[in-house]
Amino acid sequence: MRHDEMIGKVQALAQLPDRGTAERAAHAVVSTLSERLPSGLARHVAAQLPPDMAEAMREAADASAAHDSGKAGERFGLTAFAGRIAVRAGTDEDTALREAAAVMEVLDAALAPELTERMAHALPADIRELLPVERAVQDTWRYG
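Rules and cut-offs
- Residues numbered from 1 in each chain as written.
- Predicted model: local features only at pLDDT ≥ 70, side-chain atom pairs only at ≥ 80, totals over all residues.
- Heavy atoms only, no water.
- Phe/Tyr/Trp six-rings, centres within 6.5 Å; stacked < 30°, edge-to-face > 60°.
- Buried < 20%, exposed > 50% of the residue type's maximum accessible area, 1.4 Å probe, protein only.
- Lys NZ or Arg CZ within 6 Å of the ring centre and 35° of its normal.
- Axes fitted to C-alpha atoms, helices over the stretch in contact; angles between N-to-C directions.
- Helix = DSSP H or I, 4+ residues; strand = E, 2+ residues; numbered from the N terminus.
- Left-handed = near helix turned anticlockwise from the far one by under 90°.
- Contact = heavy atoms within 4.5 Å.
- Salt bridge = Lys/Arg side-chain N within 4 Å of Asp/Glu carboxyl O.

Asks: Before we move on, can you summarise the packing of aromatic side chains with the specific residues and values?
Replies: For the structure on display, the rule yields one aromatic pair. Pairing Phe-76 with Phe-81 gives two aromatic rings, centres 6.4 Å apart and planes at 25 degrees, and the pair type is stacked. The class of Phe-81 is buried, set by a relative accessible area of 0%. Sitting above the plane of the Phe-76 ring, Arg-36 keeps its charged end 6.0 Å from the centroid.

Here is the structure:
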C-alpha cells in the first residue's frame, strides 16, 4: 500500500480533520508499536511499509532494542501505549486510542496476513484489541 493511500485511510477511519494530523497519528502509532514489538519483528513490519513510515518504525525499534537487549520489545500495556501515542501525536489518550485503532486497521490491510498474525501474537491482549474485530477475536481465541 502506498503512503498517500495509507494516510488517507487513517484520516478517514479516525475521522481526522486533515492529512497532517493523520500523518502524525500514523507515525506516532507505528513508532510506539515498534517499541512494543520484538525488534526483529518490528523490522519485518517496517519492510512492508512505505519508506517514511518504515523509517519511523526502524528508528523506534533501534532505540528500543538498545534498552532491552534487542530481543523482546519493551513491556507495557494499553495505558502506556495510549500515553506514548498521545505525547507523540500531540493529543489526548482517548483520541490516541481511536487513532491507534485506525492505524492498526490500515496495517492489517497493508501487511501480509502472516506478518499481522505474528504481530498480534506478540502484543498483549489489551493492545491486541485495537486490531480489527475479526482478527482481535481470532487471535484472542488462539493466543489467549
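Asks: So what's going on with the packing of helix α3 (residues 39-46) against helix α7 (residues 113-122)? Which residues, and what values?
Replies: At a minimum axis distance of 11 Å, the contact between α3 and α7 shows a crossing angle of 145 degrees. Every pair of crossing elements has a handedness; the one defined by α3 and α7 is left-handed. Taken together, the residues of α7 that come into contact with α3 (itself represented by Leu-41, His-44 and Val-45) are Leu-115, Arg-118, Met-119 and Ala-122.

Asks: Lay out the environment of Arg-84 in plain terms, naming residues and giving numbers.
Replies: Following the sequence through the fold, Arg-84 ends up in helix α5 (residues 78-89). Separated by 56 residues in sequence, Arg-84 and Ala-28 place their C-alpha atoms 7.9 Å apart. The residues contacting Arg-84, other than those within four sequence positions of it, are Thr-32, Glu-35, Glu-74 and Phe-76.

Asks: If you had to explain the pattern of salt bridges to someone new, which residues and values would you point to?
Replies: The full count for this structure, using the stated rule, is six salt bridges. A salt bridge links Arg-84 to Glu-35, with the nearest nitrogen and oxygen atoms 2.7 Å apart. Here Arg-84 is found in helix α5, whereas its partner Glu-35 is found in helix α2 (residues 19-36), with 49 residues between them in sequence. Looking at Arg-84, the relative accessible area reads 27%, which means it is partly exposed. Taking the relative accessible area as the measure of exposure, Glu-35 reaches 10% and is therefore buried. The network of salt bridges with common partners includes Glu-35, Glu-74, Arg-84 and Arg-88.

Limitation: the analysis is restricted to geometry and does not speak to function.
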